[in-house]
Amino acid sequence: MIALPESYQLVHFETVDSTNEEAKRLGAQKVVQPHWILADAQTAGRGRRGRTWQSPKGNLMTSVYLPGRIETVKAGQLSFVAGLALADTVASLIGPDGAVSIKWPNDVLVGGAKISGILLESGAASGAHLDWVCVGMGLNLAHYPDDTPYLATSIAAHTGHRPGNLSTLEVLASAFERYYQQWQQFGFSVIVTKWRQQAHNLGREITVRLENSELTGVFEDIDQTGALLLCAEDGQHHIVSAGDVFFR
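Procedures and definitions
- Residues numbered from 1 in each chain as written.
- Predicted model: local features only at pLDDT ≥ 70, side-chain atom pairs only at ≥ 80, totals over all residues.
- Heavy atoms only, no water.
- Core = buried A, V, L, I, M, F, W, Y, C linked by side-chain atoms within 4.5 Å.
- Buried < 20%, exposed > 50% of the residue type's maximum accessible area, 1.4 Å probe, protein only.
- Helix = DSSP H or I, 4+ residues; strand = E, 2+ residues; numbered from the N terminus.
- Contact = heavy atoms within 4.5 Å.
- Axes fitted to C-alpha atoms, helices over the stretch in contact; angles between N-to-C directions.
- Parallel < 35°, antiparallel > 145°, perpendicular 65-115°, else oblique.
- Nonpolar A, V, L, I, M, F, W, Y, C, P; charged D, E, K, R; others polar.
- Pairing = 2+ DSSP bridges.

## Comments concerning the nonpolar core
Right, on to step 1. In this structure, W36, M137 and F176 are the most contacted members of the largest nonpolar core, which totals 56 residues.
Right, on to step 2. Ranked by residues supplied to this core, first place goes to helix α2 (residues 78-94) with ten residues.
Right, on to step 3. Dropping the residues within four chain positions of it, F176 is found in contact with W36, V64, L66, V81, A82, A85 and M137.
Right, on to step 4. Ranked by size, the runner-up nonpolar core spans seven residues in total, among them A23, L26, Y65 and W132.

Encoded structure:
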């Protein structure tokens, strides 16, 4: 067993459809205790925008299930909380020489290559609040895909060693709880400040692919909602709340 922050339960599967789907089942059962859900393998892992998330055994596949009254307008901020926690976890695994950064909104990069992903989902809303939120997190410990439109990597590729998913979850759960408590006590501004310090290509040119178009310009900042602020090539300023970021 591993040590989790107080009040959390661990559910560990050898194989499950996806850890987020298991979190949804907890929500449907109205489970009131927060859980970390860990799978050694997933048969139906998902990424953002309905993409398939490759889930080979040896990587970390986990979700944190957070029941309770979370304001609907603030729920998306938890993806930034999770991004910081994953960045800390990666930094602890690869050591001080690793160039760890975060690509908006929450992909952790090592040397510019993606090593993790996050998918946030939520339960039914009761007025202005959600009944529960889950944050699915995948971290490439042993393997990484080679058919993506961006560079990808793994912990093993950098260190020659694959850490176990249980020991990695222990580090991640501690980091997530630290940032989660800061978010609850001090609000999103403290998370934004820390996120900016690790933002990849802040102040440099990026391309943002939207649903039906794309924008190229300078990544100026993120605002207090987490939206990306972009100064396009034509001088117009854009506020982007959802999109995929690419670098030249």
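Alright, that's what it looks like, and here's the rest.
## What about the packing of helix α4 (residues 165-186) against helix α5 (residues 188-196)?
Right, on to step 1. Packing of α4 against α5 brings their axes to within 6 Å, and their N-to-C directions diverge by 130 degrees. With respect to α5, the element α4 is oriented oblique. Facing α4, whose interface residues are Y179, Q182, W183 and F186, α5 presents F188, S189, V190, I191 and K194.
Right, on to step 2. Taken together, the residues of the contact of α4 with α5 sort by class into six nonpolar, two polar and one charged.

## Points about the pairing of strand β5 (residues 107-110)
Right, on to step 1. With burial as the criterion, each face of β5 is covered, one bearing D107 and L109 and the other bearing V108 and V110.
Right, on to step 2. Note: strand β4 (residues 100-103) against β5, four bridges, orientation antiparallel. Paired with V100 across the strands is V110, a residue of β5.
Right, on to step 3. Counting the residues that bridge the hairpin from β4 to β5 gives three residues.
Right, on to step 4. In terms of strand pairing, β5 meets strand β6 (residues 113-114) through two bridges, oriented antiparallel. Looking across to β6, one finds that L109 is bridged to K114.
Right, on to step 5. The hairpin turn running from β5 into β6, its antiparallel successor, is two residues long, and G111 in that turn takes a positive phi close to 60 degrees.

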